[in-house]
Amino acid sequence: MAEVRKEEDTVAYEIVDRIAWVKFNRPEKRNCMSPKLNRQMKRVIDELEFRDDVGVLVLTGEGTAWSAGMDLQEYFRDSAAEGLKGVRHSQREAYTWWERLRWYQKPTIAMVNGWCFGGGYGPLFSCDLAYAAEEAQFGLSEINWGILPGGGATKVAQLLMPFRKAMYHAITGENLTGKEAAEWGLVNEAVPADELKARVTEVANKLLEKNPFAIKATKDAVRRVGEMTYDNAEDYLIRAQESLDHFDSEARKEGTRQFLDEKSYKPGLGSYDVNKQKR
Ligand code: ACO
């Protein structure tokens, strides 16, 4: 059947209690990423990034898929028909929103409800945390249709999995269940499908309790230091904390005050009350 879904309908979202639930919304095409979807996703995440009523973004999929990867018709075949210009243009539209999400202001969680293939590993890695239904299926299916896992997918497998597992996964094109994906390091945890949303909500609520500036600095630091020497990382982290003090000078003082003076919490056991902090 010809694609009839309008560009603005390829992504859906709702905000509930400071969690933005963003959905790949092409269930009839297993949420594969077309140029339209990539453009719309960029618009949606841009729109949500600095809203005060959003503290955490969850990326999930409508229907049986999280995302069946890149759209073989619209992303690959139609773009190739326009030559190199078409190919590069489509790649940029996809990679741009994945990059935006990697360095997003708010913490992000991939809630993998079903199929997750190939190009889907890009946004999967962009999300800071990932939770999957045990029944979900993950695959680098590229080898099955005669290409290599591009668009960052090979890099994601190599970064998140031990070498032997990444290699096996990439060259056999065999799928992993959500449960195996958790064991192999692709996602944090897998739970039965009917418990997935509750588990993700629980984790999101935990993140909502934290200081939002500290969480942004921390998540960026975890991504950045991987490629640094120890000394470079040490220096980067000193500067990152100093710039945090610059943007949110009260945080550290307030966290210390509530522990040492007020004795209202213990940092080893949970977060200080960020709502009491002067802004
Ligand atoms: N690109 C284009 N169309 C797709 C894609 C895709 N990646 N995935 C699914 N569709 C379309 C199907 O062609 C079909 O369209 P139609 O109804 O017009 O015929 C529709 O979505 C439903 O797909 P089915 O195959 O009928 O759904 P089913 O639930 O039986 O299977 C599955 C789901 C396993 C995900 C299957 O659709 C599939 O193998 N898709 C391709 C997965 C893949 O290899 N993605 C590319 C990874 S490589 C990369 O991203 C670079």
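Because the structure is a prediction, the values reported are computed rather than measured.

### Comments concerning the sheet that holds strand β1 (residues 11-16)
Then, number 1: Spatially, 6 strands are ordered β1-β2-β3-β5-β7-β10 in an open sheet, and the strand pairing comes out mixed. Two strands lie at the open edges of the sheet, namely β1 and β10 (189-191), each paired on one side alone. Taking the axes of each pair of neighbouring strands and ignoring which way they run, one obtains an average angle of 20 degrees across the sheet.
Then, number 2: Taken together, the 3 bridges between strand β3 (residues 56-61) and strand β5 (residues 108-112) define a ladder with parallel strand orientation. By the bridge assignment for β5, Val58 is matched with Ile109.

### Points about unusual backbone geometry
Then, number 1: Backbone geometry places Arg18, a non-glycine residue, at a positive phi of 70 degrees.
Then, number 2: Mapped onto the elements, Arg18 comes out in the loop between β1 and β2 (19-24).
Then, number 3: Phi angles above zero are rare outside glycine, and Arg30 is one such case at about 55 degrees.
Then, number 4: Here Arg30 falls in the partly exposed class, since its relative accessible area comes to 39%.

### Topic: the pairing of β2
Then, number 1: When you tally the buried positions in β2, you get 5 out of 6 residues, the bulk of the element.
Then, number 2: One ladder, built from 6 bridges, connects β1 with β2; its direction is antiparallel. Opposite Ile15, over in β2, you have Ala20 as the bridge partner.
Then, number 3: Counting the residues in the hairpin turn of β1 and β2 gives 2 residues, including Asp17, whose phi is positive at 50 degrees.
Then, number 4: One ladder, built from 6 bridges, connects β2 with β3; its direction is parallel. Paired with Ala20 across the two strands is Leu57, which belongs to β3.
Then, number 5: The parallel pair β2 and β3 is bridged by helix α1 (residues 35-49), and the resulting crossover is right-handed.

Calculation criteria
- Residues numbered from 1 in each chain as written.
- Predicted model: local features only at pLDDT ≥ 70, side-chain atom pairs only at ≥ 80, totals over all residues.
- Heavy atoms only, no water.
- Pairing = 2+ DSSP bridges.
- Helix = DSSP H or I, 4+ residues; strand = E, 2+ residues; numbered from the N terminus.
- Axes fitted to C-alpha atoms, helices over the stretch in contact; angles between N-to-C directions.
- Buried < 20%, exposed > 50% of the residue type's maximum accessible area, 1.4 Å probe, protein only.
- Right-handed = clockwise from strand over helix to strand, strands pointing away.

What is shown is where atoms sit, not what they do.
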